Amino acid sequence: MARPKCTRFVKDFPDTTYFKPRGIPLMELEEVALAFDEYEALRLADLEGLYHDAAAARMNISRATFGRIIESARRKVADALINGKAIKMEGGVVKMAPKRTFQCSDCEHSWEVPFGTGRPAACPKCSSNNLHRSDANRGQGGGGRGMGCRRQRGNSAASAKETT
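These numbers were taken from a predicted model, which means no experiment stands behind them. (Residues numbered from 1 in each chain as written. Predicted model: local features only at pLDDT ≥ 70, side-chain atom pairs only at ≥ 80, totals over all residues. Heavy atoms only, no water.)

Draft legend 1. Here's a closer look at the pairing of strand β4 (residues 86-89). In this structure, strand β2 (residues 18-19) lies alongside β4, joined through 2 bridges in antiparallel fashion. In the strand pairing of β4, Y18 is matched with K88. As judged from the 4 bridges shared by strand β3 (residues 31-34) and β4, these two strands associate in the parallel manner. Bridging from a neighbouring strand, V32 pairs with I87 of β4. (Pairing = 2+ DSSP bridges. Helix = DSSP H or I, 4+ residues; strand = E, 2+ residues; numbered from the N terminus.)

This is how it looks when you write it as structure tokens:
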């Protein structure tokens, strides 16, 4: 019996979950299924340019697991591009990454930052460095390096969004 997968954190679910080659009817295309954790791995490694250990920490998984996920994602995307297949993003054991809310004391602008990304240096609106945390669940964040797969006791299924 296979070991259950750890819940992987994703920043956001994609607005667009389907891509296909132009000019070919959908019914004539094969599909490649890209899981949401694979999508997130591509975003972190290839779009944000993070090293595997930093990206793994953001997703709450080990560096080795991140390596397997990114390899699978890149293979699927390459298959779709080279062989003219559609890409459908769906599934995986994922949940939204916890976020911290900051507020600027000067202009009162408020914004969210994912845990594990460090404290912002300045307000994105007015560039002031007079910032403070304003979220109600302060200190409830998620771990960082070396935490491994942290299963909660009791009803862990309720805390993770499993999509299939």
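From this point, things continue past the structure.
Draft legend 2. Fine view of helix α1 (residues 36-47). End to end, α1 covers 15 Å across 12 residues, agreeing with the expected 16 Å (1.5 Å per residue, within 8%). Burial of α1 is extensive: 9 of the 12 residues sit out of reach of the surface. Within α1 the residues assigned to the buried category are F36, D37, E38, E40, A41, L42, R43, L44 and A45. Directly after α1, the chain includes G49, whose backbone phi takes a positive value near 75 degrees. (Expected span 1.5 Å × (residues − 1). Buried < 20%, exposed > 50% of the residue type's maximum accessible area, 1.4 Å probe, protein only.)

Draft legend 3. Spatial organisation of the confidence of the model for the protein. Of the residues in the protein, 70% have a pLDDT of 70 or more, and the chain-wide mean is 77. The secondary-structure element of the protein with the lowest mean pLDDT is helix α4 (residues 156-159), recorded at 41, while helix α3 (residues 63-83) shows the highest, at 94. Low pLDDT (under 50) marks residues 150-164, which in the prediction has 23 contacts with non-local residues, meaning those over four places away or in another chain. (pLDDT = per-residue confidence, 0-100. Contact = heavy atoms within 4.5 Å.)

Draft legend 4. The sheet that holds β4, seen in detail. Ordered in space as β2-β4-β3, the 3 strands form an open sheet in which the pairing is mixed. Either end of the sheet is taken by a strand with one partner, and the two such strands are β2 and β3. Here α3 sits on the sheet in contact with β3 and β4, set at roughly 155 degrees to β3. (Axes fitted to C-alpha atoms, helices over the stretch in contact; angles between N-to-C directions.)

Draft legend 5. The arrangement of the pattern of salt bridges in detail. Per the counting criterion, the structure on display carries 9 salt bridges. Two residues, E30 and K85, come together in a salt bridge whose shortest N-O distance is 3.7 Å. A residue pair is termed long-range when its members are at least 10 positions apart, and E30 in the loop between β2 and β3 and K85 in the loop between α3 and β4 qualify at 55 residues. Overall, E30 belongs to the exposed group, its relative accessible area being 53%. With relative accessibility at 18%, the residue K85 sits in the buried group. Here E38 makes a salt bridge to K76, at a shortest N to O gap of 3.0 Å. You can see E38 sitting in helix α1 and its partner K76 sitting in helix α3, a full 38 residues away along the chain. (Salt bridge = Lys/Arg side-chain N within 4 Å of Asp/Glu carboxyl O.)

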